[in-house]
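The chain contents come next:
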Amino acid sequence: MNLFGSNGQPRVLCLDLGERRIGVAVSDLLGWTAQGVEVIDRKQSIPWLERLDQLIKEYEVTEIVVGLPRNMNGSIGPRGEAVQVIAEEVANHTSLPVRLWDERLSTSAVEKTLISADVSRKKRKKVVDQLAASWILQGYLDAHRR
């Protein structure tokens, strides 16, 4: 597998792990912006790790960021612990570096943005996980670009 994207730049993929759905975003070739890619339904017939493999190959991903839900005081609760276990599973499965990134308030921020844009509840449900992954990845990219 090529370690860099087509222009020699590493690409980062982000996962916003939910119990039912996984939001996916990927960095642009310059590593400056995050774009939502899709939402993986964990209950679909194709195993989600298999779909992840396809996305890693398609986007020539060299690193994965996983949103880590923390409590408002910074501690990690049961959801965060579950995400840590899945992140380790992803690291072992892909052999890529997996970074945990604080996702506090990402979903609520995305929800507020969609509501202010007058997006219907039905449409919000379809895109919120993907946009949350973009939000998380953009924060990661911004912090690492400085």
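Here the structure is a predicted model, which means the values were calculated and not measured.

Conventions and cut-offs
Residues numbered from 1 in each chain as written. Predicted model: local features only at pLDDT ≥ 70, side-chain atom pairs only at ≥ 80, totals over all residues. Heavy atoms only, no water. Phe/Tyr/Trp six-rings, centres within 6.5 Å; stacked < 30°, edge-to-face > 60°. Helix = DSSP H or I, 4+ residues; strand = E, 2+ residues; numbered from the N terminus. Buried < 20%, exposed > 50% of the residue type's maximum accessible area, 1.4 Å probe, protein only. Pairing = 2+ DSSP bridges. Axes fitted to C-alpha atoms, helices over the stretch in contact; angles between N-to-C directions. Contact = heavy atoms within 4.5 Å. Polar contact = N/O pair within 3.5 Å; in protein donor to acceptor, adjacent residues only side chain to side chain. pLDDT = per-residue confidence, 0-100.

Caption draft 1: View of the packing of aromatic side chains. According to the stated counting rule, one finds one aromatic pair in the structure shown. For the ring pair Trp-101 and Tyr-140, a centre distance of 5.2 Å and an interplane angle of 90 degrees mean the geometry is edge-to-face. One end of the pair, Trp-101, is in strand β5 (residues 98-102); the other, Tyr-140, is in helix α4 (residues 121-145), with 39 residues separating them in the sequence. Assessed through its relative accessible area of 5%, Tyr-140 is described here as buried.

Caption draft 2: Structural detail: the sheet that holds strand β4 (residues 61-68). Taken in spatial order, the five strands line up as β3-β2-β1-β4-β5 in an open sheet, and their pairing is mixed. The open sheet has two free edges, formed respectively by β3 (34-41) and β5, since each of these has just one partner strand. Geometrically, the sheet is characterised by an average inter-axis angle of 25 degrees between neighbouring strands, direction not taken into account. For β4 and β5, the ladder comprises five bridges, and the chain directions are parallel. Bridging across to β5, Gly-67 finds its partner in Trp-101. Helix α1 (residues 48-59) contacts β1 (11-17), β2 (21-27), β3 and β4 of the sheet and is inclined by roughly 155 degrees relative to β3.

Caption draft 3: Focus on the pairing of β2. A large share of β2 lies buried, amounting to six of its seven residues. Pairing geometry for β1 and β2, over five bridges, is antiparallel. Each residue of the ladder has a partner; that of Cys-14, found in β2, is Ala-25. With antiparallel pairing between neighbouring strands as the criterion, β1 and β2 make up a hairpin whose turn holds three residues. As paired elements, β2 and β3 share seven bridges and run antiparallel to each other. Paired with Val-26 across the strands is Gln-35, a residue of β3. Linking two consecutive strands that pair antiparallel, namely β2 and β3, is a turn of six residues; a positive phi of about 75 degrees is found at Gly-31 within it.

Caption draft 4: Molecular detail of the side chain of Thr-94. In this fold, Thr-94 is placed in helix α2 (residues 78-94). Of the polar contacts made by the side chain of Thr-94, one reaches the backbone oxygen of Val-90; its length is 2.8 Å. Apart from residues no more than four positions distant in its own chain, Thr-94 is found in contact with Leu-52, Asp-53, Ile-56 and Ile-64.

Caption draft 5: Quick look at the confidence of the model for the chain. Residue-level pLDDT values for the chain average 83, and 77% of them are 70 or greater. Averaged pLDDT values over the elements of the chain bottom out at 61 in helix α3 (residues 106-116) and peak at 96 in β4. Taken together, the stretch residues 1-5 has pLDDT below 50 and engages in 13 contacts with residues farther than four places along the chain or on a different chain.

Caption draft 6: Region of the structure containing the environment of Ser-134. In this structure, Ser-134 sits in helix α4. By relative accessible area, Ser-134 is classed as buried at 10%. Note: C-alpha distance between Ser-134 and Leu-15 (119 residues apart in sequence) is 8.9 Å. Once residues within four sequence positions are removed from consideration, Ser-134 is found in contact with Ala-25, Ala-34, Gln-35 and Gly-36.

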